[in-house]
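Breakdown of the fold
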Amino acid sequence: GECNQFARLAGLTISQAAPGTTPYNPFFIYSNTGLGKTHLANAIGLRIKENFPDRVVLYVNSDMFCQQFIEAARAGNKNDFIFFYQNVDVLIIDDIQFLAGKERTQEAFFHIFNHLQQRKKQIILTADKSPAEISGFEARVLARFKWSLVAELTQPDYETRIAILN
């Protein structure tokens, strides 16, 4: 439906071209809860894996990303954590808004983001707000979000909801 057509087309383009080489990198998807951000991000990752089986595609929600960072920091392995994430071809982080206020985790994310971006690796982020509305992030991290192709998923119209149910 029209509620997700732009985001869907961008996702198809990303998954059919060499990931990271389209102008849709990074790709930032946002919407209210329950409108399909996670589903779309996962679908893009799965399609990339189908079309480019040699690529390393990693989906992680922000809670897991934070937990892994905390564990690495406690063990003195922050560099290993960053190195692991810097070696993927496609990084999908769901619900990025939950990194708000976590300065050290944002610092690690910043370095990962820059490394992947410079090497033309695909980055896909989801959130419940647009980059312009998100708060609790360092200015330089927000600037990276704003570089993205931003797509909003909206509430489907009645006909689309019926089609989904059918």
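Structure report, in brief. (Residues numbered from 1 in each chain as written. Predicted model: local features only at pLDDT ≥ 70, side-chain atom pairs only at ≥ 80, totals over all residues. Heavy atoms only, no water.)

Details of the nonpolar core
Core analysis: the biggest nonpolar cluster contains 30 residues, and Phe65, Phe81, Leu91, Ile96, Phe109, Leu125 and Phe145 have the highest contact counts within it. For this core, the elements supplying multiple residues, two or more each, are β1 (27-30), β2 (57-61), α3 (62-74), α4 (78-86), β3 (90-94), α5 (103-118), β4 (122-127) and α6 (139-147). Among the elements that take part in this core, α5 stands out by supplying six residues, more than any other. The next biggest cluster of nonpolar side chains, apart from the first, holds 16 residues, and it includes Leu40, Val90, Ile124 and Ala151. (Core = buried A, V, L, I, M, F, W, Y, C linked by side-chain atoms within 4.5 Å. Buried < 20%, exposed > 50% of the residue type's maximum accessible area, 1.4 Å probe, protein only. Helix = DSSP H or I, 4+ residues; strand = E, 2+ residues; numbered from the N terminus.)

Comments concerning a nonpolar patch on the surface
Among the surface-exposed residues, Tyr158, Ile162 and Leu165 lie close enough to one another that they form a single nonpolar patch of about 350 Å² accessible area. Along the polypeptide, tyrosine 158 turns up in helix α7 (residues 158-165). The exposure class of tyrosine 158 is exposed, given its relative accessible area of 53%. (Patch = residues over 30% accessible without salt bridge, like charges linked within 9 Å, V, L, I, M, F, W, Y side chains within 5 Å. Areas by Shrake-Rupley, 256 points an atom, 1.4 Å probe, with all protein chains shown as cover. Salt bridge = Lys/Arg side-chain N within 4 Å of Asp/Glu carboxyl O.)

Thoughts on the packing of aromatic side chains
The way to describe two aromatic rings as a pair is by their centre distance and the angle between their planes. Overall, the coordinates contain eleven aromatic pairs when judged by the stated rule. An angle of 50° between the planes, with centres 5.6 Å apart, marks the rings of phenylalanine 28 and phenylalanine 145 as tilted. Here the residue phenylalanine 28 occupies a position in strand β1, and phenylalanine 145 occupies one in helix α6, the gap between them amounting to 117 residues. For the pair phenylalanine 69 and phenylalanine 81, a centre-to-centre distance of 5.5 Å together with 70° between the ring planes defines the contact as edge-to-face. (Phe/Tyr/Trp six-rings, centres within 6.5 Å; stacked < 30°, edge-to-face > 60°.)

Here's the deal with the pattern of salt bridges
Per the stated rule, a full pass over the model turns up four salt bridges. Note that arginine 47 is salt-bridged to glutamate 50, the shortest N-O span being 3.7 Å. Placement of both arginine 47 and glutamate 50 in helix α2 (residues 37-51) is noted, with a separation of three residues, approximately one turn of the helix. Among the salt bridges present, the one from arginine 140 reaches glutamate 138, with a minimum N-O distance of 2.9 Å. The exposure class of arginine 140 is partly exposed, given its relative accessible area of 29%. When salt bridges with common partners are traced through the structure, they connect Glu107, Glu138 and Arg140 into a single cluster.

Comments concerning α6
Taken as a whole, α6 has its buried residues at Val141, Leu142, Arg144 and Phe145. Buried positions in α6, seen along its axis, are confined to an arc of 155° and lie on one side of it. Every exposed residue of α6 that faces more than 90 degrees away from the buried side is listed here: Ala139 and Lys146. Where α6 is buried, its residues meet β1, α5, β4 and β5 (149-152). (Arc of directions from axis to C-beta. Contact = heavy atoms within 4.5 Å.)

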